[in-house]
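Letter by letter, the chains look like this.
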Amino acid sequence: MRNAMRFVLPGVIAAALAIAPVAQAHAIVGNRFFPATIATDDPGVADELSLPVLSSFRTGDVPPLRELDVDGEWTKRLTRDLGVSFGEGWTRLKGPDGQTANGFQNLETTLKYQALTSPAHEAILAAGVSYEWGGSGADRGGAERHSTVIPTLYFGKGAGDLPDSLDWARPFALTGVIGYAIPSRSHEGVERVPDVLSWGVAVEYSLPYLAAHVRDLGLPEFVNQLTPVIEASFERPTNRAQGRRATGTVNPGVIWSGQHFQVGAEATLPINRASGRGAGFVVQIHFFLDDLFPRSLGKPIW
Amino acid sequence: MRQTLALIPVLLALVAGPAFAHARLIRTAPRVGSTVRETPSELKLLFSEAIDPANSTVRLSGARGAVPAGPLTLDPADRRVVHLPIPRALSAGVYRVNWRVTSVDSHRTEGDFRFRVAP
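Residues numbered from 1 in each chain as written. Chains lettered and ligands numbered in written order. Predicted model: local features only at pLDDT ≥ 70, side-chain atom pairs only at ≥ 80, totals over all residues. Heavy atoms only, no water.

With respect to the sheet that holds strand β2 (residues 35-36) of chain B
We apply this condition: When DSSP finds at least two bridges between two strands, those strands are taken to pair. Strands here mean DSSP runs of E at least two residues long; helices mean DSSP runs of H or I at least four residues long; both are numbered from the N terminus. Whether two residues touch is decided by their heavy atoms; if any such pair falls within 4.5 Å, the residues are in contact. For helices, the axis comes from a line fit to the C-alpha atoms of the stretch in contact; other axes are also lines fit to C-alpha atoms, and the angle between any two N-to-C directions lies between 0 and 180 degrees.
Overall, mixed pairing links the five strands, which are arranged β2-β9-β8-β4-β5 (chain B) in an open sheet. Two strands lie at the open edges of the sheet, namely β2 and β5 (65-66) of chain B, each paired on one side alone. By the bridge criterion, two bridges tie strand β4 (residues 57-62) of chain B to β5(B) in an arrangement that is antiparallel. Looking across to β5(B), one finds that B:G62 is bridged to B:G65. The sheet contacts of helix α2 (residues 207-214) of chain A involve β8 (93-102) and β9 (108-117) of chain B, and relative to β9(B) the element is tilted by about 60 degrees.

Focus on α2(A)
Residues and elements named next belong to chain A. Selection rule: When accessible area is computed with a 1.4 Å probe and restricted to protein chains, residues below 20% of their type maximum are described as buried, those above 50% as exposed, and intermediate ones as partly exposed. Between N or O atoms, a polar contact is any pair within 3.5 Å; within protein, one atom must be a potential hydrogen donor and the other a potential acceptor, and residues adjacent in sequence are included only when both atoms are from side chains.
Along α2, seven of the eight residues are buried, which leaves the element largely enclosed by surrounding structure. Residues of α2 that are buried: L207, Y209, L210, A211, A212, H213 and V214. Capping the start of α2 is the job of one residue whose side-chain oxygen sits 3.0 Å from the backbone nitrogen of Y209: S206.

With respect to unusual backbone geometry
All names here are of chain A. Of the consecutive residues V62 and P63, the connecting peptide bond is found in the cis state with omega at -5 degrees. As for its placement among the helices and strands, P63 is situated in the loop between β3 (48-58) and β4 (66-77). One non-glycine residue, E122, adopts positive backbone phi at about 50 degrees. Its place among the elements puts E122 in the loop between β7 (108-118) and β8 (123-132).

Quick look at the pattern of salt bridges
Put simply, the test is: We define a salt bridge as a contact between a side-chain nitrogen of Lys or Arg and a carboxyl oxygen of Asp or Glu at a distance within 4 Å.
Per the counting criterion, the structure on display carries 17 salt bridges over all chains. In this structure, A:D47 engages A:K76 in a salt bridge whose closest nitrogen and oxygen atoms are separated by 2.8 Å. Remark: A:K76 occurs in strand β4 and A:D47 occurs in the loop between β2 (32-33) and β3; sequence separation between them is 29 residues. One exposure class covers both A:D47 and A:K76, and it is buried. Note that A:R185 is salt-bridged to A:E188, the shortest N-O span being 2.6 Å. A relative accessible area of 39% places A:R185 in the partly exposed class. A single network of salt bridges, built from pairs that share partners, joins A:D164, A:D167, A:R170 and B:R114.

Describing the side chain of A:E231
Residues and elements named next belong to chain A. Basically, it comes down to this: Positive residues here are Lys and Arg, negative ones are Asp and Glu, while His and the chain termini are left out of the count.
Inspection of the secondary structure puts E231 in strand β14 (residues 226-237). At 12 Å, K112 is the nearest oppositely charged side chain to E231, a buried residue that forms no salt bridge. Engagement of the side chain of E231 in a polar contact is seen with the backbone nitrogen of I38, the distance being 2.9 Å. Looking at E231, its side chain comes within polar contact range of the side chain of T40, at 2.8 Å. In contact with E231, not counting residues within four places along its chain, are T37, I38, A39, T40, V201, A202, T249, V250, N251 and E266.

Structure follows, in structure tokens:
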């Protein structure tokens, strides 16, 4: 994978530098800016880099393991509405006896198309397909040997078209995602590998939206750049599993959005014992490459 | 490998200084959603980025439609600030400001807000 990236990346950069279409907005639809959410992918297609995404929590194993993940994802727009992402992660597992195991996860690539954009209704609809390259990660870090295809739908809707009497609610927005993971093998040795349905939503209250479009309360600029958010993400095996119980987390947090990057932090609260033990956390730094490099790497290739 | 990855955010943060971005509306006069007793002499909009006036518009409208205003000018001391003179007195009511601006790096953004005149 790393060798492939070594050859592909310079070509992509050269193409981006050579071709210079007009810059377009990233995840901005009319008045609405959809920040990059952490547990659920936002519906926009943009030139962006999430690095690092740090998370720590106790797993649902018996006894539970302490898991630390360091993830990153780079997205490049091929056209204004079509992007490709490369995601990679590193995991460290620590047992109650202090023993640790660590390694890289499988590479995941995603092709995503922003099919509908309605500025008047602050709405986005996108469709994508992800491919997890089985065997590209390390067994000791828990990476699967089989590959997985995940067709996914993404949506986002701002509440800016509410009537004047509900002005206070106009900063609200809802984004969501639903995907279906189909493994390349039904068994891994004696272990059954199920199809998995995953879904999630993020409810946001945008203080930038409040200040710029509804009512400027005279709050400090730092506060006007905050978006409180509650995310919830779940998954559930649909076949070949002993139990078909859903697992997931509910994540309350906040995102600060600047001109060139954003920082998000959330608590991760498991919905049941199979989802984990106690609260964990996740922190994300996310760069807007189209703002950092508007005339080169941050532009669509075509 | 891990050390190399850790350096990427630092490098991006270092190059962020001279880059440009989408123009975000930061402050306005009159304030977004406010009520004023007298007709303001102008609309003043402060953005987060320097604006290209040739490719930017700010329009004022009320219950009876478009209100004559302008021309749009940039503040010579701060190219993030645009001014739109209002030559005539506004009658009581709610007014909407629609803005569509292009930052100097060609990123386009748009939006709207309202204020009320209540003499």
